[in-house]
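Observations on the three-dimensional arrangement
Chain by chain, the residues run as shown.
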Amino acid sequence: MESIRWLLTVAEVEVSESCLTCCCGSSTDGVLMFQQVPMVEIDGMKLIQTKAILHYIAEKYNLHGKDLKDRVMINMYSEGLMDLMEMIMILPFLPDPKPKLDEIQSKANERYLPVYEKALTGPVYLVGGKLSLADVLLVECTLMLEEKFPAILKDFPNVKSFQGRMIQIPAINRFLQPGSKRKPPPGENYAKTAIEVFRIKLPTQ
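Summary of the structure given here. (Residues numbered from 1 in each chain as written. Predicted model: local features only at pLDDT ≥ 70, side-chain atom pairs only at ≥ 80, totals over all residues. Heavy atoms only, no water.)

1. Thoughts on the packing of helix H1 (residues 2–10) against helix H2 (residues 50–60)
Running from N to C, H1 and H2 cross one another at 5°; their axes reach a closest spacing of 10 Å. Relative to H2, the element H1 lies roughly parallel. In this structure, H1 uses Ser3, Ile4, Leu7 and Leu8 to contact H2, whose residues at the interface are Thr50, Ile53, Leu54, Ile57 and Ala58. Here the contact of H1 with H2 is built from residues that sort into 7 nonpolar, 2 polar and no charged. (Axes fitted to C-alpha atoms, helices over the stretch in contact; angles between N-to-C directions. Helix = DSSP H or I, 4+ residues; strand = E, 2+ residues; numbered from the N terminus. Parallel < 35°, antiparallel > 145°, perpendicular 65-115°, else oblique. Contact = heavy atoms within 4.5 Å. Nonpolar A, V, L, I, M, F, W, Y, C, P; charged D, E, K, R; others polar.)

Next comes the structure, spelled out in structure tokens:
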């Protein structure tokens, strides 16, 4: 849900939230398609699947490019970032996160960040010269990476400059302040609640 919060913030959409804190019947009474969260109620619809929600919001608030070619580039950049962020989000569920942290750092440095560094050589934004879903996810991802690896952007000056510009956008700047709807990085309590609510079976090794 956090990427959805980021995008709604940039679109300057006010939202109210309800969080599952215990196992209940709402996942099986037809409210949640595929028994999954997050679920966003918007325009009379109940949307699930994070990518579908992000694409709908991006289209609705003009953050998905001007044409089909822009959209496919935005989607490619966005999905790469989501792959990287998903690796970070599973860390609290691992008995020993050190190997995964090493993998994340290696892949970020060798596979992901070079792509965005090259794309931002000159342009202010990733696609089409204007703010898009991909830009929002990139600033979210870079902040997540820096929480784990504070110096990770030192060899990626274009990405670091981009991050600096993005966090000056008033809506994003407010979102980064204490007391906003931004959630802290997933930790032990997050993992414990998720395991209880969704009855997750963790591997024993």
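2. Examining the side chain of Gln163
As for its position among the elements, Gln163 is in helix H6 (residues 157–166). Overall, the relative accessible area of 4% leaves Gln163 in the buried class. Polar side-chain contacts of Gln163 include one of 3.0 Å to the side chain of Thr142. Gln163 has contacts with Val139, Thr142, Leu143, Glu146 and Leu153, leaving out every residue within four places of it along the chain. (Buried < 20%, exposed > 50% of the residue type's maximum accessible area, 1.4 Å probe, protein only. Polar contact = N/O pair within 3.5 Å; in protein donor to acceptor, adjacent residues only side chain to side chain.)

3. A look at helix H3 (residues 68–89)
In an α-helix, one turn spans 3.6 residues, which is why side chains three or four residues apart end up on the same side. An ideal rise of 1.5 Å per residue puts 32 Å on 22 residues; H3 measures up with 31 Å between its terminal C-alpha atoms. Along H3, the residues that are buried comprise Asp70, Ile74, Asn75, Tyr77, Ser78, Gly80, Leu81, Met82, Leu84, Met85, Met87 and Ile88. Looking at the buried side of H3, the elements it contacts are H1, H2, helix H4 (98–119) and helix H5 (133–148). Taking the backbone nitrogen of Lys69 as reference, a side-chain oxygen 3.2 Å away marks Asp67 as the first, capping residue of H3. (Expected span 1.5 Å × (residues − 1).)

4. As for the packing of H1 against H5
With their axes 10 Å apart at the nearest point, H1 and H5 run at an angle of 125° to one another. Considering their axes alone, H1 and H5 lie oblique with respect to each other. In terms of crossing hand, the pair formed by H1 and H5 is right-handed. Contact residues: Glu2, Ser3, Trp6, Leu7 and Val10 in H1; Leu133, Val136, Leu137, Val139, Glu140 and Leu143 in H5. (Left-handed = near helix turned anticlockwise from the far one by under 90°.)

5. Some remarks on the packing of aromatic side chains
Per the stated rule, a full pass over the model turns up 2 aromatic pairs. A ring pair is formed by Trp6 and Phe175, whose centres lie 5.0 Å apart and whose planes are at 75°; its orientation type is edge-to-face. Of this pair, Trp6 sits in helix H1 while Phe175 sits in helix H7 (residues 170–175); the two residues are 169 residues apart in sequence, bridging distant segments of the chain. This pair shows no difference in class: Trp6 is buried, exactly as Phe175 is. Here the aromatic rings of Tyr77 and Tyr116 are separated by 5.6 Å at their centres, their planes lie at 50°, and the arrangement is tilted. With Tyr77 in helix H3 and Tyr116 in helix H4, this pair connects stretches of sequence that are 39 residues apart. (Phe/Tyr/Trp six-rings, centres within 6.5 Å; stacked < 30°, edge-to-face > 60°.)

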